[in-house]
Amino acid sequence: MRVRSDVPDLPTERIRRMLSGLPPARGYRVVVRPLRYREKPHLAAWTDFEAREIVLQLPQPFLPFGEVVPYGARRRPGKGLRFIWLTEGLTFRTPREVLRFLYLHEWMHWYLKERLGRKAAAETACDRFALRNYRRRKVTEDDALGALTRR
């Protein structure tokens, strides 16, 4: 995995260890940048398909923080097309958890576009994939396909 770190206290080799066991985004470089926040830490990342980079931003200074992650929607009973968002609250206690979650989310965008030839803007599927897998030691493409199916 090609990695570049723009975070002074986080060398490239340490990032590689944090992301070990996750599927590679072949042809793309992973760039870790500091996220300077005003009030509280939050999740921030993107995939630059033109530059062929997955950019992960790590909150600096790092403090444990919570985030509500929407992973799906369910049709609300009754009339009309109203939906209820399905969410899960997470607490990120370490930089490793943040980087793994963000990488898996962005990797899923990469996978949808580069491997499956689909549109890459499937936010809930990407969140669902990251949510299910960021704490696992080993994650594969089969896990990604599982995130695309409804349970």
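Placed above this text is the structure.
Computed from a prediction, not measured in an experiment: that's the story for all the values here.

Parameters and conventions
Numbering of residues begins from 1 in every chain and follows the order in which that chain's sequence is written. Predicted model: local features are reported for residues with pLDDT of at least 70 only, side-chain atom pairs are reported and counted for 80 or more only, and whole-chain, interface and lining totals are derived from all residues. Hydrogens and waters are ignored; side-chain quantities use all the structure's heavy atoms. In this text, helices come from DSSP runs of H or I with a minimum length of four residues, and strands from runs of E with a minimum of two, each type numbered from the N-terminal end. Radius of gyration means the value over C-alpha atoms here, while the globule rule gives 2.2 Å times the residue count to the 0.38 power. Here the term buried applies to any residue with accessible area under 20% of the maximum for its type, exposed to any over 50%, and partly exposed to those in between, with areas from a 1.4 Å probe on protein chains only. Pairs of residues are marked as contacts when any of their non-hydrogen atoms sit within 4.5 Å. Residue exposure ignores everything except the shown protein chains as possible cover, and the areas themselves are Shrake-Rupley values with a 1.4 Å probe. A 1.4 Å probe that fits but cannot get out identifies a cavity on a 1 Å grid over protein atoms alone, an open set with protein on both sides within 12 Å along at least five of seven lines counts as a pocket, and a residue lines either if it has an atom within 4 Å of a point. Grid points are joined across faces, edges and corners, and a volume is the space filled by probe spheres set on the points. Each residue is assigned to one of three groups, with Ala, Val, Leu, Ile, Met, Phe, Trp, Tyr, Cys and Pro labelled nonpolar, Asp, Glu, Lys and Arg labelled charged, and all others, Gly among them, labelled polar. Any helix carries an expected span of 1.5 Å times its number of residues minus one. For our purposes a nonpolar core is just a set of buried Ala, Val, Leu, Ile, Met, Phe, Trp, Tyr and Cys residues, chained together by side-chain atoms within 4.5 Å. The working definition used for a salt bridge is a side-chain nitrogen of Lys or Arg within 4 Å of a carboxyl oxygen of Asp or Glu. Being paired, for any two strands, means DSSP has found at least two bridges between them.

(A) Seen up close, the overall build of the protein chain. Secondary structure summary: the protein chain contains four helices and six strands in total. Reading the protein chain from its N terminus to its C terminus gives the helix and strand order β-α-β-β-β-β-β-α-α-α. Taken over the C-alpha trace, the protein chain has a radius of gyration of 16 Å; the compact-globule value for 151 residues is 15 Å, and the two agree within 12%. Taken along its principal axes, the extent of the C-alpha atoms in the protein chain is 55 × 35 × 30 Å. Counting all 151 residues of the protein chain, 42% fall into the buried class. Sequence separation of at least 24 residues holds for 59% of the intrachain contacts in the protein chain that already meet a minimum separation of 6. A total accessible area of about 9100 Å² is found for the protein chain, and carbon and sulfur atoms account for 48% of it.

(B) Spotlight on the layout of surface pockets. One number sums up the size of the second largest pocket: a volume of about 150 Å³. Taken together, 13 residues line the second largest pocket, and the ones lying closest to its centre are Leu 43, Phe 101, Leu 102, His 105 and Asp 127. Broken down by secondary-structure element, the contributors of at least two residues to the lining of the second largest pocket are strand S3 (44-48), strand S5 (65-75), helix H2 (95-115) and helix H3 (123-133). When the residues that make up the lining of the second largest pocket are grouped by side-chain class, the tally is eight nonpolar, one polar and four charged.

(C) How the structure looks around H2. With 21 residues, H2 extends 28 Å between its outermost C-alpha atoms, agreeing within 8% with the 30 Å of an ideal straight helix rising 1.5 Å per residue. Here H2 lies mainly inside the structure; 16 of its 21 residues are buried. At the exit of H2 stands Gly 117, carrying a positive phi of roughly 70 degrees.

(D) Layout of the nonpolar core. Membership of the largest hydrophobic core comes to 38 residues, with the highest contact counts inside it found for Val 32, Phe 101, Tyr 103, Trp 107 and Met 108. For this core, the secondary structure elements donating two or more residues are helix H1 (12-18), strand S2 (29-36), strand S4 (53-60), S5, strand S6 (83-92), H2, H3 and helix H4 (141-147). Here this core takes eleven residues from H2, the largest share from any one element. Residues within four places of Met 108 in sequence aside, it is in contact with Ala 125, Cys 126, Phe 129, Ala 144, Ala 147 and Leu 148.

(E) Up close: the environment of Arg 137. Tracing the chain through its elements places Arg 137 in the loop between H3 and H4. A sequence separation of 131 residues divides Arg 137 from Asp 6, and the C-alpha atoms of the two residues are 25 Å apart.

(F) Looking closely at the pattern of salt bridges. Per the stated rule, a full pass over the model turns up seven salt bridges. Close ionic contact of Arg 33 with Asp 6 constitutes a salt bridge, the shortest N to O distance being 3.7 Å. A residue pair is termed long-range when its members are at least 10 positions apart, and Arg 33 in strand S2 and Asp 6 in the loop between strand S1 (2-5) and H1 qualify at 27 residues. As a salt-bridge pair, Glu 141 and Arg 115 come within 3.2 Å of each other at their nearest N and O atoms. Within this pair, whereas Glu 141 is found in helix H4, its partner Arg 115 is found in helix H2, the two being separated by 26 residues in sequence. What emerges from the salt-bridge pattern is a single network uniting Arg 4, Asp 6 and Arg 33.

(G) Region of interest: the pairing of S1. The two faces of S1 differ: Val 3 and Ser 5 on one face are buried, but Arg 2 and Arg 4 on the other face are not. In this sheet, S2 lies alongside S1 in parallel orientation, the contact comprising four bridges. In the strand pairing of S2, Arg 4 is matched with Val 31.

That is the geometry; function is a separate question.
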